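Listed below are the residues making up each chain.
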Amino acid sequence: MNKTWAEVACEVPAAMVDLLADFLVELSGNGVSIDNLELDTFSLDGMDEPPVKTVRAYFTPDAELETKLAAVERFIRENAPDYGDAPPATPTVTTIREEDWATGWRQHFSPTRIGRRLVIKPTWEPFAPEPEDLVIELDPGMAFGTGTHPTTRLCLEALEKLGRPGDVLDVGTGSGILAMAASKLGASRVVGTDIDPDAVEVARENCAMNGVTAELTITPLADIPGQFAVVLANILAEDLVRMAADLTAKVAPGGALILSGILVEREPYVIDGFAATGLALAETTREGEWSCLLYRAAK
Ligand SMILES: C[S@@+](CC[C@H](N)C(=O)[O-])C[C@H]1O[C@@H](n2cnc3c(N)ncnc32)[C@H](O)[C@@H]1O
């Protein structure tokens, strides 16, 4: 593959890393890496934590890149003053090859237990599962969803709590992680859709690697036939609200809709956006600044 990525490196005060990382994940649709800036021995003297860290995000180098870069610069400029007096450095952009992007991720990715039985494990790491464990093998690829992001974890936990899930629709499947988990949890049929054809390709490869059968497609949500016992969508709050009617239409009577990708401060906005759908909000779970909403359809 000759694909390249624009790696955007932002040096920010260490205390601002989480805020910026979440912003970059949302904006790029991909994971970020965080590493310590190399400092000289004088500046490190007597310091436990370096004061500045570098957050790296990965963007497709397309026509929207300039606009996204401007948004990153604006975000840093507006938020950095809350974390210290030093003026923030301008983010740097480096073009990197796809292979390097994937390799860089390896050091940040290790077996992770999520919920009671699900374990996400990179292919290269040895892991001894418990008898009840449902292991998903996953290498960081070009699609969002390695299980390291709270929005994915919240979705997986909510899904596992539903028990054997029946037919499942995964909207914005990314790496296919939720689709694979649904299948491992005993779903009778799994459909995953994504607007990004590359993500669908990655999801197909991941499903094949895990022996999972799922129908993976770029068919828009509104055109997917049928209804599902569980519909999952880990997408941005704005998209969830825009898609509220289509998402609701896919939930079978008595079924569940799991919405993730919602910043806690955006919870009321999403709840408002789903108020007219007739679905009942059954549970809200949170991790850090992320929320996941579980809705139920009437029987
Ligand atoms: C945050 S990732 C979620 C990936 C994975 N489901 C997870 O939970 O980790 C969001 C995914 O939704 C896709 N997406 C965004 N808008 C979409 C839409 N309107 N319909 C389908 N997929 C969409 C993106 O391409 C991306 O792969």
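Quick caveat: nothing in here was measured; it's all calculated off a predicted structure.

1. Topic: the pairing of strand E12 (residues 251-263)
Inference 1: The element E12 is largely enclosed, with a buried count of ten among its 13 residues.
Inference 2: Pairing of strand E11 (residues 228-234) with E12 involves six bridges; the strand directions are parallel. Bridge pairing links Phe-228 to Val-251 in E12.
Inference 3: Here E12 pairs with strand E14 (residues 290-296) via six bridges, running antiparallel. What sits directly across from Leu-263, in E14, is Trp-290.

2. Brief notes about the UniProt feature "binding site: S-adenosyl-L-methionine" (unreviewed entry) in the chain
Inference 1: As recorded in UniProt, the feature "binding site: S-adenosyl-L-methionine" (unreviewed entry) lies at Thr-152, Gly-172, Asp-194 and Asn-234.
Inference 2: With respect to the secondary-structure elements, Thr-152 resides in helix H5 (residues 150-161).
Inference 3: Under the relative-accessibility criterion, Thr-152 is labelled buried at 2%.
Inference 4: Position of Gly-172 among the secondary structure elements: in the loop between strand E8 (167-171) and helix H6 (177-184).

3. Some remarks on the site of the ligand
Inference 1: Among the 14 residues in the neighbourhood of the ligand, the closest are listed as Gly-145, Thr-152, Gly-172, Asp-194 and Asn-234.
Inference 2: A distance of 2.8 Å separates a nitrogen atom of the ligand from a polar atom in the backbone of Gly-172.
Inference 3: One of the side-chain nitrogen or oxygen atoms of Asp-194 is found 2.6 Å away from an oxygen atom of the ligand.
Inference 4: Relative to its free-state accessible area of 610 Å², the ligand is covered by the protein chains to the extent of 85%.

What counts as what
For every chain, the first residue of the written sequence is number 1, and numbering continues from 1 along that sequence. The model is predicted, so local features are restricted to residues of pLDDT at least 70 and side-chain atom pairs to those at 80 or more, both for listing and for counting; the totals for chains, interfaces and linings are taken over all residues. The side-chain numbers reported here are obtained from all heavy atoms of the structure, hydrogens and water having been left aside. Exposure is judged per residue with a 1.4 Å probe applied to protein chains only, and the accessible area is read against the type maximum: over 50% gives exposed, under 20% gives buried, and values in between give partly exposed. Here a helix means four or more residues in a row that DSSP labels H or I, a strand means two or more in a row labelled E, and each is numbered from the N terminus. Two strands form a pair only when DSSP identifies at least two bridges running between them. UniProt positions are given in the numbering used here, feature names are shortened, and annotations may be inferred rather than shown by experiment. Summary of the distance rule: residues count as near a molecule or strand when at least one heavy atom falls within 4 Å of that molecule or strand. Any pair of N or O atoms that falls within 3.5 Å is considered a polar contact. Within protein, one atom must be able to donate a hydrogen and the other to accept it, and sequence-neighbouring residues count only if both atoms are side-chain atoms. The Shrake-Rupley method, run with a 1.4 Å probe, gives the accessible areas here. Residue values count only the displayed protein chains as cover.

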